[in-house]
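# Descriptive structure summary
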Amino acid sequence: MSKIANERAENVFTDFKAPYTPAQALVEANRCLFCADAPCIQACPTGIDIPQFIRKIATGNVKGSARTIFDSNILGMSCARVCPVEVLCVGKCVYNEMGVPPIQIGKLQRHSTDVAFDEGWRFFEAGADSGRSVGLIGAGPASLAAAHELRRHGHACTIYDKRSVTGGLNTTGVAPYKMKADRSADEVQWVLEIGGIDVQTGVEVGADLSWDELVSRHDALLLGVGLGPDTELPVDGAQLSGIYGAVDFIERFKLGAVDLSDVRRAVVVGGGNTAVDAVRELVGLGVAEVTMLYRGVEAKMSGYAHEWAAGKLEGVRAHWQAQPVAFEGQAAVEGVRCLRLDDQKQPIEGSEHVVPADLVLLAIGQSKLEQLLTGLSGVTFERGRVVVDEHQATAQAGVWAAGDCANGGKEVVNAVAEGKRAALAIHAHLGGS
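Predicted, not measured: the structure shown is a model, and the values here were computed from it. (Residues numbered from 1 in each chain as written. Predicted model: local features only at pLDDT ≥ 70, side-chain atom pairs only at ≥ 80, totals over all residues. Heavy atoms only, no water.)

Along the chain, the regular secondary structure elements total 16 helices and 15 strands. Taking 433 residues into account, the globule formula puts the C-alpha radius of gyration at 22 Å, and the chain, at 22 Å, falls close to it. Structurally, the chain occupies a C-alpha span of about 70 × 55 × 45 Å along its principal axes. By residue count, 54% of the 433 residues in the chain fall in the buried class. Taking all contacts inside the chain whose residues are at least 6 apart in sequence as the whole, residues at least 24 apart take part in 70%. Averaged over its 40 positive side-chain charges, the chain has a centre that lies 5 Å from the centre of its 53 negative ones. (Helix = DSSP H or I, 4+ residues; strand = E, 2+ residues; numbered from the N terminus. Rg over C-alpha atoms; globule rule 2.2 N^0.38 Å. Buried < 20%, exposed > 50% of the residue type's maximum accessible area, 1.4 Å probe, protein only. Contact = heavy atoms within 4.5 Å. Lys, Arg positive; Asp, Glu negative; His and termini not counted. Charge placed at Lys NZ, Arg CZ, Asp CG, Glu CD.)

Structure (C-alpha cells):
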C-alpha cells in the first residue's frame, strides 16, 4: 500500500463521524431503552444483538460488548464506520417514533470494536482440523467473513485475489472520510489471526488459475468476487484523457498518489452512493468547483439523502435532469455536453449546454462478471447477478456465492451476512452439524 496515499488520506480527510470518548459512549449507552423486541436488530443484516452490546457498554463491560458484536459480525469494526445506519439500525430506533434523537448505534459499535483492536483482544479460535478445504475467490468482506466462520469449524481456507491488497472495497473503494485503507488492512490482519487462512494475492482466476484446477483443489468454492469495472459512457469524446470510472479513481487515490494540482473543475456523472462519495472526496481534495450531473430529480436519486445533504453543505453543486451526450476537448477533457430532460426523461429541445470540466468521473454503475465465471458451467445468472438460493448456493453443486456478485451491489454488512450464511451452509455440506 502506498505510503503517499496513506499520508494524503491522513492529512486531507477527517472522520465523517468522529469517535466517542469513553465518557460519551457511557452517556449514550445509558439512553438506550434495551427494547425486548428491538427493531434495530431486525434492521441489521448480520443480526447483532444491539441492546445487549449497548447494555454491556453501560455496565462498563466493553470487552463483552465487543464479543457480542464480533460473534455476529466479524467485520464489525469496518461496518461501524461504513454502514448506512441512518437507514438501517438507527433508522429503526424506537426513539424516532417519539420525537427523540435515536441512539447512535454505529458510533457505540465503533467505540467497542476500536477498543478491542487497540487492546489486541482475541475472541475466537480455529476448530479442530476437519480435513476439508474451501477455496474463496475474492478477498473482500464476503470471503473474509466466510473464511473466518469456516475456520471456527476447522475447515482449511484459501482466499484468491487478483489484486496485491486484501479487503475488497473496504480497502479500495470505501471513501476515506468513512474509513482509510490502512484501517481496512488492520481489520483484515485481525481476521486472519485466527490462523489457517491462506491468502494468495496476485492470482487471477481464469488466467493464472483455471476453474477446473480450483474445483480439483477444494471440497467447496465460494464466489466473493464483487462487481466488475466501472461502466463506460459510450458517447463522443469518451477517449479523452481526464475521464475515469469513479470506483477506479477512488482506488487510485486510496492506494497511490493522485495529482489534482491542475484540476479546478470536476464533474461526477451519476446520482448513487458512489457518485456522492466521489463528489465529497473531490471537495476534500481541494477541487474548487465540483458538480454532480444526474439524469433524474433530486428526490429520486439513489444516493443516501444524509450523505448528499453533507455534500451540499460542503459546496457540491448539482445539475438535475441532465443527460451527458458528449465530452468536449482536444487531447484532454474540457467539458461535458448535456441535454436537459423533462419529467419523462425525454430531451428538451434547445436545452443543449456544456458544463466545464478538467476531470470527469463516471459513477453510473459497475459491470457484472458473467464472463469471468463462464468457466463454472453450472452457475446461472439473472440480470448479471449469480443466482443463489436462501443458503447462497448456486446451481452448480459445491459452489456458493456471496456479496456483490450475488446481490448486485449492496452494503458491506450485506456481504458479511451472506458470507457467514454461505459458510454455515458449506459447513453442513462438508458433514458438519
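So, on to the nonpolar core. Side chains of a nonpolar character, in soluble globular proteins, are inclined to be buried together. The biggest cluster of nonpolar side chains holds 70 residues, and the ones touching the most others in it are Ile50, Phe53, Ile54, Phe70, Ile105, Leu108 and Leu136. Excluding anything up to four places from it in sequence, Ile105 contacts Cys40, Ile50, Phe53, Ile54, Cys89 and Val90. Residues Leu282, Leu285, Tyr294 and Leu361 belong to the second largest nonpolar core, which totals 24 residues. (Core = buried A, V, L, I, M, F, W, Y, C linked by side-chain atoms within 4.5 Å.)

Another aspect to go through is the side chain of Thr113. Of note, Thr113 is situated in helix α7 (residues 105-119). Exposure remark for Thr113: the relative accessible area of 0% places this residue in the buried category. Reaching out from Thr113, the side chain makes a polar contact with the backbone oxygen of Gln109 at a distance of 2.8 Å. A distance of 3.3 Å separates a polar side-chain atom of Thr113 from the backbone oxygen of Arg110. (Polar contact = N/O pair within 3.5 Å; in protein donor to acceptor, adjacent residues only side chain to side chain.)

Across the interface, helix α4 (residues 50-58) lies against α7 with an axial gap of 11 Å and an inter-helix angle of 60°. Considering the angle they form, α4 stands oblique to α7. α7 is crossed by α4, and the crossing has left-handed handedness. In contact with Ile50, Phe53, Ile54 and Ile57 of α4, α7 contributes Ile105, Leu108, Gln109 and Ser112. When grouped by side-chain class, the residues that make up the contact of α4 with α7 number 6 nonpolar, 2 polar and no charged. (Axes fitted to C-alpha atoms, helices over the stretch in contact; angles between N-to-C directions. Parallel < 35°, antiparallel > 145°, perpendicular 65-115°, else oblique. Left-handed = near helix turned anticlockwise from the far one by under 90°. Nonpolar A, V, L, I, M, F, W, Y, C, P; charged D, E, K, R; others polar.)

Turning to the domain arrangement of the chain, a few remarks are in order. Parsing the chain into structural domains produces domain 1 (16-119), domain 2 (133-228 + 367-429) and domain 3 (243-362). Using C-alpha coordinates to define each centre, domain 1 is positioned 27 Å away from domain 2. Opposite the 21 residues of domain 1 that make contact, domain 2 presents 22 residues. Summed over both partners, the interface of domain 1 with domain 2 buries about 1900 Å², with 69% contributed by carbon and sulfur atoms. Of all residues in domain 1, Ile74, Leu75 and Val82 bury the most surface against domain 2, accounting for 31% of the area lost on that side. (Domains from an automatic or database assignment. Buried area = accessible area lost by both parts, 1.4 Å probe.)

The next point concerns the sheet that holds strand β7 (residues 289-294). Each strand in a sheet pairs with another by means of backbone hydrogen bonds, the pair being arranged parallel or else antiparallel. An order of β5-β12-β6-β7-β8 is seen for the 5 strands of this open sheet, with the pairing classed as parallel. Each end of this open sheet is capped by a strand with a single partner; those strands are β5 (243-245) and β8 (317-320). Strand-to-strand twist of the sheet, defined as the mean angle between neighbouring strand axes without regard to direction, takes the value 20°. Looking at chain direction, β7 and β8 are connected through 4 bridges and run parallel. (Pairing = 2+ DSSP bridges.)

Buried within α4 we find Ile50, Pro51, Phe53, Ile54, Ile57 and Ala58. Down the axis, α4 shows its buried residues gathered within 165° of arc, on one side only. Contact partners of the buried residues in α4: α2 (22-29), α3 (39-43), α5 (62-72) and α7. For α4, the side-chain oxygen to backbone nitrogen distance between the N-cap and Gln52 is 3.2 Å, and the N-cap itself is Asp49. (Arc of directions from axis to C-beta.)

On to helix α8 (residues 141-152), then. Because each turn of an α-helix spans 3.6 residues, side chains separated by three or four positions end up pointing in the same direction. Spanning 12 residues, α8 covers 17 Å between terminal C-alpha atoms, matching the ideal 16 Å at 1.5 Å per step. Burial analysis of α8 places 11 of its 12 residues in the buried class, which makes it a mostly covered element. Here α8 has its buried residues at Pro141, Ala142, Ser143, Leu144, Ala145, Ala146, Ala147, His148, Glu149, Leu150 and Arg151. Two residues or fewer after α8 comes Gly154, characterised by a positive phi angle close to 90°. (Expected span 1.5 Å × (residues − 1).)

In space, the 5 strands of this open sheet follow the order β3-β2-β1-β4-β15, with parallel pairing throughout. Single-partner strands in this sheet number two, and they are β3 (197-201) and β15 (399-401). Going across the sheet, the axis of each strand differs from the next one's by a mean of 20°, ignoring polarity. With 3 bridges connecting them, strand β4 (residues 220-223) and β15 associate as parallel partners. Residue pairing for β15: Leu223 is matched across the bridge by Ala401. Contacts from helix α16 (residues 412-429) reach β1 (133-137), β4 and β15 within the one sheet, and its direction differs from that of β15 by about 170°.

Turning next to the packing of aromatic side chains. Tallied over the full model, the rule gives 7 aromatic pairs. On the numbers, 5.7 Å between centres and 85° between planes, the contact of Trp308 with Trp320 is edge-to-face. Linking Trp308 in helix α14 (residues 305-313) with Trp320 in strand β8, this pair joins segments that are 12 residues apart in sequence. Taken together, the ring pairs connect Phe70, Phe117, Phe123, Phe124 and Trp190 into an aromatic cluster. Stacked on the ring of Phe34, the Lys or Arg Arg55 has its end atom at 4.2 Å from the ring centre. Cation over ring: Arg122 sits above Trp190, and NZ or CZ is 5.0 Å from the ring centre. (Phe/Tyr/Trp six-rings, centres within 6.5 Å; stacked < 30°, edge-to-face > 60°. Lys NZ or Arg CZ within 6 Å of the ring centre and 35° of its normal.)

For the rest of this paragraph, the subject is a nonpolar patch on the surface. Side chains of Leu33, Met98 and Val100 sit close together on the surface and give an oily, nonpolar patch of about 260 Å² of accessible area. Here Leu33 shows up in the loop between α2 and α3. (Patch = residues over 30% accessible without salt bridge, like charges linked within 9 Å, V, L, I, M, F, W, Y side chains within 5 Å. Areas by Shrake-Rupley, 256 points an atom, 1.4 Å probe, with all protein chains shown as cover. Salt bridge = Lys/Arg side-chain N within 4 Å of Asp/Glu carboxyl O.)

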